[in-house]
Amino acid sequence: GMLFNAANSIPLTGSHRVQELARAPPASRPQVPSVPSVQVSTPALRWCVDVLKSRPRFAFTEPRFRPVMFSLRMDTEDIPQDPQLLFTDLFAEECDVHIAYKKQNGVYMYVSARCSTAQHETITADGARGIADWLLNSARAEFWQSLRLEVQLGKEIAITDKGAVVEIINGDALGCACSKPLRPSIDSVRPLCLLDSLQSIINVEGEVLGDSMVTFDCLGPSGFHPVQTMAQGNRLASSDERHVLADHAVGRGPDSVEFGMLRLCSPLGEGINERVEAENPITNSLTRFIIAYRGQFASHPKPLFVTDCAICAEEVLQLEDDPKISADELDTILIELAAVLKYERAPHVPWAVVPSVYALLSVACDKGWSMVTSRLLVVASKLENAQWNTVGVTFGAGNVSRGCALLQRAILSESRPLLNTLLPWVNSNPEHPLFAELNPLAEGPYGVTSVHLSALLQDDGKMAACLTGSLPLTCNMWANARDHYQMSPSDYAKLLATSRSRRLHALHRLHV
């Protein structure tokens, strides 16, 4: 099959379905189903209709241990022997140096770390200065103070010299006010997910990417992947992009977007199939980073998700045109997904990844992803109950602060493949902490069950039939499950006139 670049219809390795999804315009992507207009008679029904209207989406800031990501340039000729050790005393739980590499003007690192919410707020409140101060006052302060550093958080850069922060620069404002900024930045990479292949072509878009002085790298833990720049320049922006560029662009007109078209000329997966066969605990999903340079200035790395699973690629590609997901959140999802899935074949999983497993499951259920969910559940199954309890994630269908439990999110996605993935897992793992989030019998606000919620969907009864027909425990719920106002899912369907579907008629005949 072939995977196509969305902007230029350039063939890439992949499945036909991935090809179609990658180049489909936003309007042709799956749309949120309409909500029936009804006269709500009880608080339980009102809650259900509100959930159907709002479709509460999981925000990736939920985990107790939140990720913070920054890049660092050091004026030194040598890469530290073990970069990971430089940061272990700084963050409460876990720190990953994704890439550490040497260029002519110093050593670069890209770091992500998990820290407590309080520590996250303390660090990010002061932006790049907060990270720099954190390094300069750490247990390894002598090392950091001996170097000149450039710490970049988002588009803000803190420059240190002789153990003190000497300058704070906004990346958008580098250079004089009448010229383009000097530091390039990458706003998007398309496609953001690739199948493992010998050769792939991607488009990057952002600022200061169009001139011939800009070069690109693709990096992973093992080092550089050869990159060929096929084209650079400006293209006309869409009406939506013009609105954004008019507000945010510095030193360029609002009618064009600077881009680079790149050919990645090496196996991005670095032989991941061979590693899997050798039972190496590295999964078949990895993160690569695209970086743009202009002289001594480097962009913040932009993640690229690489997998050898066509279905995973198809699902992850759905994030490309989701207007509800910010660029930072998108980067976090891609990086965290690869970080968690690397434990899919590992014998042990560190407890610090629990919040990310839950967060990614929430995103996967929101989006209706069945393959990604099944792989996340493999990791979840390896975590012991005590590990979940230690992290302090609160589970349950009645947790209104999170909007919805995992099973309710899955129902709202109207994805039967996802339900067919979740329900057998629930049946086999009744003692797992996630059972509270995935149990079809669990009651949410006002005694509403997942079957009640499914009865209100305008989906021809598909989700209700899937729920009530999958497990012995749920077969009688259509008529017998009652909310606090003694209404069953069957009552909901009748009240909302959704019971005209053939499937719901069959449920009535079977259970009522």
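The rules behind the values
Residues numbered from 1 in each chain as written. Predicted model: local features only at pLDDT ≥ 70, side-chain atom pairs only at ≥ 80, totals over all residues. Heavy atoms only, no water. Helix = DSSP H or I, 4+ residues; strand = E, 2+ residues; numbered from the N terminus. Buried < 20%, exposed > 50% of the residue type's maximum accessible area, 1.4 Å probe, protein only. Contact = heavy atoms within 4.5 Å. Areas by Shrake-Rupley, 256 points an atom, 1.4 Å probe, with all protein chains shown as cover. Pairing = 2+ DSSP bridges. Polar contact = N/O pair within 3.5 Å; in protein donor to acceptor, adjacent residues only side chain to side chain. Expected span 1.5 Å × (residues − 1). Phe/Tyr/Trp six-rings, centres within 6.5 Å; stacked < 30°, edge-to-face > 60°. Lys NZ or Arg CZ within 6 Å of the ring centre and 35° of its normal. Salt bridge = Lys/Arg side-chain N within 4 Å of Asp/Glu carboxyl O. Core = buried A, V, L, I, M, F, W, Y, C linked by side-chain atoms within 4.5 Å. pLDDT = per-residue confidence, 0-100.

Quick word on the overall build of the protein chain
So, step 1. Helices and strands together make up the secondary structure of the protein chain, namely 20 helices and 18 strands.
So, step 2. Classification of the 512 residues of the protein chain by burial places 56% in the buried group.
So, step 3. For the protein chain, the share of sequence-separated contacts (at least 6 apart) that also reach a separation of at least 24 residues comes to 68%.
So, step 4. Carbon and sulfur atoms make up 51% of the accessible area of the protein chain, which amounts to about 21,300 Å² in all.

As for the pairing of strand β11 (residues 200-207)
So, step 1. Counted residue by residue, β11 has 8 buried out of 8 residues, so it is predominantly covered.
So, step 2. Here 5 bridges tie strand β9 (residues 185-190) to β11, and the two strands are oriented antiparallel to one another. Across the sheet, residue serine 185 finds its bridge partner in β11, namely glutamate 207.

As for the side chain of aspartate 322
So, step 1. As for its placement among the helices and strands, aspartate 322 is situated in the loop between α8 (310-316) and α9 (327-341).
So, step 2. Of note is the side chain of aspartate 322, whose polar atom sits 2.9 Å from the backbone nitrogen of lysine 324.

Looking at unusual backbone geometry
So, step 1. For the peptide bond that leads from arginine 190 to proline 191, omega is -10°, which places it in the cis range.
So, step 2. On the secondary structure map, proline 191 appears in the loop between β9 and β10 (193-195).
So, step 3. Notably, valine 208 is not glycine yet its phi reads approximately 55°, a positive angle.
So, step 4. Topologically, valine 208 is positioned in the loop between β11 and β12 (214-220).
So, step 5. Accessibility expressed as a relative area gives 2% for valine 208, which makes it buried.

What about helix α11 (residues 371-382)?
Because each turn of an α-helix spans 3.6 residues, side chains separated by three or four positions end up pointing in the same direction.
So, step 1. In this model, α11 (12 residues) spans 18 Å end to end at C-alpha, consistent with the 16 Å of a helix rising 1.5 Å per residue.
So, step 2. Three or more residues of α11 are buried, namely Val372, Thr373, Arg375, Leu376, Leu377, Val379 and Ala380.

Section: the packing of aromatic side chains
Within a pair of aromatic rings, the relevant descriptors are the distance that separates the centres and the angle that separates the planes.
So, step 1. The tally for this structure, following the rule as stated, stands at 5 aromatic pairs.
So, step 2. On the basis of an interplanar angle of 75° and a centroid distance of 5.1 Å, the ring pair of phenylalanine 143 and tryptophan 144 is categorised as edge-to-face.
So, step 3. The partly exposed category is assigned to phenylalanine 143, whose relative accessible area is 31%.
So, step 4. In this structure, lysine 103 is placed above the aromatic ring of tyrosine 293, and the distance from its NZ or CZ to the ring centre is 4.3 Å.

A short note on helix α10 (residues 354-367)
So, step 1. Between its terminal C-alpha atoms α10 stretches 20 Å, which fits the 20 Å expected from 14 residues at 1.5 Å a residue.
So, step 2. Most of α10 sits out of view: 12 of its 14 residues are buried.
So, step 3. Where α10 is concerned, the buried positions are Val354, Pro355, Ser356, Val357, Tyr358, Ala359, Leu360, Leu361, Ser362, Val363, Ala364 and Cys365.
So, step 4. Positive backbone phi, approximately 80°, marks glycine 368, located one or two places after α10.

Section: the pattern of salt bridges
So, step 1. By the definition in use, this model includes 14 salt bridges.
So, step 2. For aspartate 75, the salt bridge goes to arginine 73, with nearest N and O atoms at 2.7 Å.
So, step 3. Residue aspartate 75 is classed as partly exposed on the basis of its relative accessible area of 34%.
So, step 4. A relative accessible area of 8% means that arginine 73 is categorised as buried.
So, step 5. Among the salt bridges present, the one from aspartate 321 reaches arginine 190, with a minimum N-O distance of 3.2 Å. Residue aspartate 321 is found in the loop between α8 and α9, and its partner arginine 190 is found in strand β9; the two are separated by 131 residues along the sequence.
So, step 6. Under the relative-accessibility criterion, aspartate 321 is labelled partly exposed at 24%.

Focus on the pairing of strand β7 (residues 156-161)
So, step 1. Examined bridge by bridge, strand β6 (residues 149-153) and β7 share 5 bridges and lie antiparallel to one another. Considered in β7, the bridge of glutamate 150 is made with isoleucine 159.
So, step 2. Between β6 and the antiparallel strand that follows it, β7, lie 2 residues; glycine 154 among them carries a positive phi value of about 65°.
So, step 3. Pairing analysis gives 6 bridges linking β7 to strand β8 (residues 164-170), with the strands arranged antiparallel. From the neighbouring strand, isoleucine 157 faces β8, where its bridge partner is isoleucine 169.
So, step 4. Remark: 2 residues form the turn of the hairpin made by β7 and β8, two consecutive strands paired antiparallel; lysine 162 in that turn has positive phi of roughly 55°.

Some details on the environment of asparagine 429
So, step 1. The topology assignment puts asparagine 429 in the loop between α14 (416-428) and α15 (435-438).
So, step 2. Each C-alpha atom, one on asparagine 429 and one on serine 381, is 8.3 Å from the other, the two residues being 48 residues apart in sequence.
So, step 3. Not counting chain neighbours up to four residues away, the residues in contact with asparagine 429 comprise Ser381 and Phe435.

Here's the deal with the nonpolar core
So, step 1. Val316, Val357, Leu376, Leu434 and Tyr492 are the most contacted members of the largest nonpolar core, which totals 77 residues.
So, step 2. For this core, the element with the highest residue contribution is α10, accounting for 9 residues.
So, step 3. Residue contacts for leucine 376: discarding those within four places in its chain leaves Leu337, Val340, Leu341, Val357, Leu360, Leu361 and Ala364.
So, step 4. Listed in part, the 24 residues of the second largest apolar core include Phe70, Met74, Phe87 and Val111.

Things to note about the confidence of the model for the protein chain
So, step 1. Across the protein chain, the average pLDDT comes to 75, with 71% of residues at 70 or higher.
So, step 2. Mean pLDDT across the elements of the protein chain ranges from a minimum in strand β1 (residues 2-4), with 30, to a maximum in α11, with 93.
So, step 3. Per-residue pLDDT stays below 50 along residues 173-179; that stretch engages in 9 contacts with residues further than four places along the chain or on separate chains.

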